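Chain by chain, the residues:
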Amino acid sequence: MKRIIGFEKGVNLGGWLSQCKYTDEHLETFITEKDFAVVKSWGADHVRVPVDYNIFQTEDGEFIEKGFGYVDKAIEWCGKNGLNMVLDLHKAIGYFFDKAENVTGFFESPVLQDYFCKLWEEFAKRYGKYSDRVAFELLNEVTEPSYSKVWNEVSRRAVEVIRSYTKDTKIIIGGYWNNSIDSLKDLEMPYDENVVYTYHCYDPFIFTHQAAYWLENMPSDFKIDYPGNTAHYHKSICELGFDYIQTYDWIKTESFTSDYFIKRFENAVKLCEERNVALYCGEYGVINMADPDSTLAWYKDINSAFEKFNIARACWSYRGVDYGLDDEHMSGVIDELTKYL
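These figures come from a predicted structure and were not determined experimentally.

### Quick notes on the pairing of strand β6 (residues 171–174)
Burial along β6 is two-sided: Ile171 and Ile173 facing one way and Ile172 and Gly174 facing the other are all buried. Here strand β5 (residues 134–137) pairs with β6 via 2 bridges, running parallel. The partner of Glu137 across the bridge, within β6, is Ile172. Tracing the backbone out of β5, into helix α5 (residues 148–163) and back to the parallel element β6 gives a crossover that is right-handed. Pairing geometry for β6 and strand β7 (residues 195–201), over 4 bridges, is parallel. In the strand pairing of β7, Ile171 is matched with Val195.

### Things to note about empty space enclosed by the protein
Inspection of every chain in the model, using the stated rule, returns 2 cavities of 30 Å³ or more. Here the largest cavity defines a volume of roughly 90 Å³. What lines the largest cavity is Asn152, Ser155, Arg156, Val159, Ile173, Leu187, Glu188, Met189, Pro190, Tyr191, Val195 and Tyr197. The set of elements that each furnish at least two residues to the lining of the largest cavity consists of α5 and β7. Considered class by class, the residues forming the lining of the largest cavity number 8 nonpolar, 2 polar and 2 charged. The calculated volume of the second largest cavity comes to roughly 40 Å³. Looking at the second largest cavity, the residues that line it are Val142, Ser148, Trp151, Gly175, Tyr176, Ser183, Asp186 and Leu187. Residues that form the lining of the second largest cavity fall into these classes: 4 nonpolar, 3 polar and 1 charged.

### Section: the environment of Ile287
On the secondary structure map, Ile287 appears in the loop between β8 (278–284) and α10 (292–309). Using a relative accessible area of 3% as the deciding quantity, one classes Ile287 as buried. On a C-alpha basis, the gap between Ile287 and Asp322 in space is 5.8 Å, while along the polypeptide they are 35 residues apart. With residues near it in sequence (within four places) discarded, Ile287 still touches Phe207, Thr208, His209, Gln210, Ala212, Trp214, Asp322 and Tyr323.

### Quick look at the layout of surface pockets
Unoccupied space between atoms shows up once a probe the size of one water molecule is rolled over them. Of the pockets and cavities examined, the largest pocket occupies roughly 1600 Å³. Contributing to the lining of the largest pocket are 43 residues, with Glu141, Asn178, Phe205, His209 and Leu215 lying nearest its centre. Counting only elements with at least two residues in the lining of the largest pocket, the list comes to α6 (176–179), β7 and α9 (258–275). Split into classes, the residues belonging to the lining of the largest pocket amount to 21 nonpolar, 10 polar and 12 charged.

### Some points on the nonpolar core
Within the largest apolar cluster, 116 residues are counted, with the highest numbers of intra-cluster contacts made by Trp16, Phe36, Phe116, Leu138, Trp151, Tyr199 and Phe265. In terms of residues, this core owes the most to one element, helix α4 (residues 110–127), which gives 9 residues. With sequence-adjacent residues up to four places away left out, Leu138 is seen in contact with Leu89, Phe116, Trp120, Trp151, Ser155, Ala158, Val159, Ile162, Ile171, Ile172 and Ile173. Grouped together as the second largest cluster of nonpolar side chains are 10 residues, Val86, Ile172, Ala312 and Ala314 included.

### What about α10?
An ideal rise of 1.5 Å per residue puts 26 Å on 18 residues; α10 measures up with 26 Å between its terminal C-alpha atoms. Among all positions in α10, only Pro292, Ser294, Thr295, Leu296, Trp298, Tyr299, Asp301, Ile302, Asn303, Ala305, Phe306 and Phe309 are buried. Looking at where α10 begins, the residue whose side-chain oxygen comes 3.2 Å from the main-chain nitrogen of Asp293 is Asp291.

### Quick notes on the pairing of β5
Consecutive side chains along a regular strand alternate between the two faces of the sheet. Residues Val134 and Phe136 line one face of β5 and the alternating positions Ala135 and Glu137 line the opposite face, and both faces are buried. In terms of strand pairing, strand β3 (residues 84–92) meets β5 through 4 bridges, oriented parallel. Bridged to Asp88 within β5 is Glu137.

Cut-offs and rules
- Residues numbered from 1 in each chain as written.
- Predicted model: local features only at pLDDT ≥ 70, side-chain atom pairs only at ≥ 80, totals over all residues.
- Heavy atoms only, no water.
- Buried < 20%, exposed > 50% of the residue type's maximum accessible area, 1.4 Å probe, protein only.
- Helix = DSSP H or I, 4+ residues; strand = E, 2+ residues; numbered from the N terminus.
- Pairing = 2+ DSSP bridges.
- Right-handed = clockwise from strand over helix to strand, strands pointing away.
- 1 Å grid on protein atoms, 1.4 Å probe; cavity = no way out; pocket = protein on both sides within 12 Å on 5 of 7 lines; lining within 4 Å.
- Points joined across faces, edges and corners; volume = space filled by probe spheres on them.
- Nonpolar A, V, L, I, M, F, W, Y, C, P; charged D, E, K, R; others polar.
- Contact = heavy atoms within 4.5 Å.
- Core = buried A, V, L, I, M, F, W, Y, C linked by side-chain atoms within 4.5 Å.
- Expected span 1.5 Å × (residues − 1).
- Polar contact = N/O pair within 3.5 Å; in protein donor to acceptor, adjacent residues only side chain to side chain.

This is the structure in structure tokens:
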């Protein structure tokens, strides 16, 4: 399968310029230059930097010059530490994947779509010159399948705008169901050889999201281990009422193995080979409510599948946002775990 040289093992810097307080103190201190050095020491070749529109753009689509300074710093710090970077628009005017925030209108409003393309044009003007080390990810986690047609149209328009400034910047595009691997087939054919398909993987969901406070029906004291027992997983999903996720009753082994991820990824790999497009897992990780040793076992298994298919990836996440690998919770296993990013 086609590879993305320079973006093969990465770490997300979630919670810095996205899903945060947006105060000057936070934006200037949550992540600093020394954190880029730590990421490099973990064996990564890039960082994925989620950003929210409101740091760069008003509700009327006008630009906020100060906001671009944070991206400038990130690119500078990447350069000093031998890292590449994915600039990921996590939140756009009128769209955010978290339904609890009730941010809507993007997929229905040509005006908001214009603002979206205008922001990507500005990013391209400023950062297209770094095409050898900065990639662009158009939008994080489109949710509904009903958005698919509009998303294909808007993303193609954004690609065309970007291409008027930079011909060889990698442009990363994901599908609905929150960048599900199962939605890749409904993405438009790649615009050119520098388009990359992306997906996220948090399988098995009730392990990676155990006790997650933002999930309806999820008990705050729910615990489950990995590799666990697949029959127990199936039973727990049914008891909790998570009828919208996989039940894993089709798995014939008693517990999860690396073969689960290999089977989960193989159809997407085949699709990408047919379309001659590279594949990137932009997020994968385990909530900090899980047992660290189980988390380590999970990373080993998913890493086996990434390595088998040469899938580029970036784990979620470096610090905070309920998944932080740099947090004290992971201190006992982090040295071993970073071998499996």
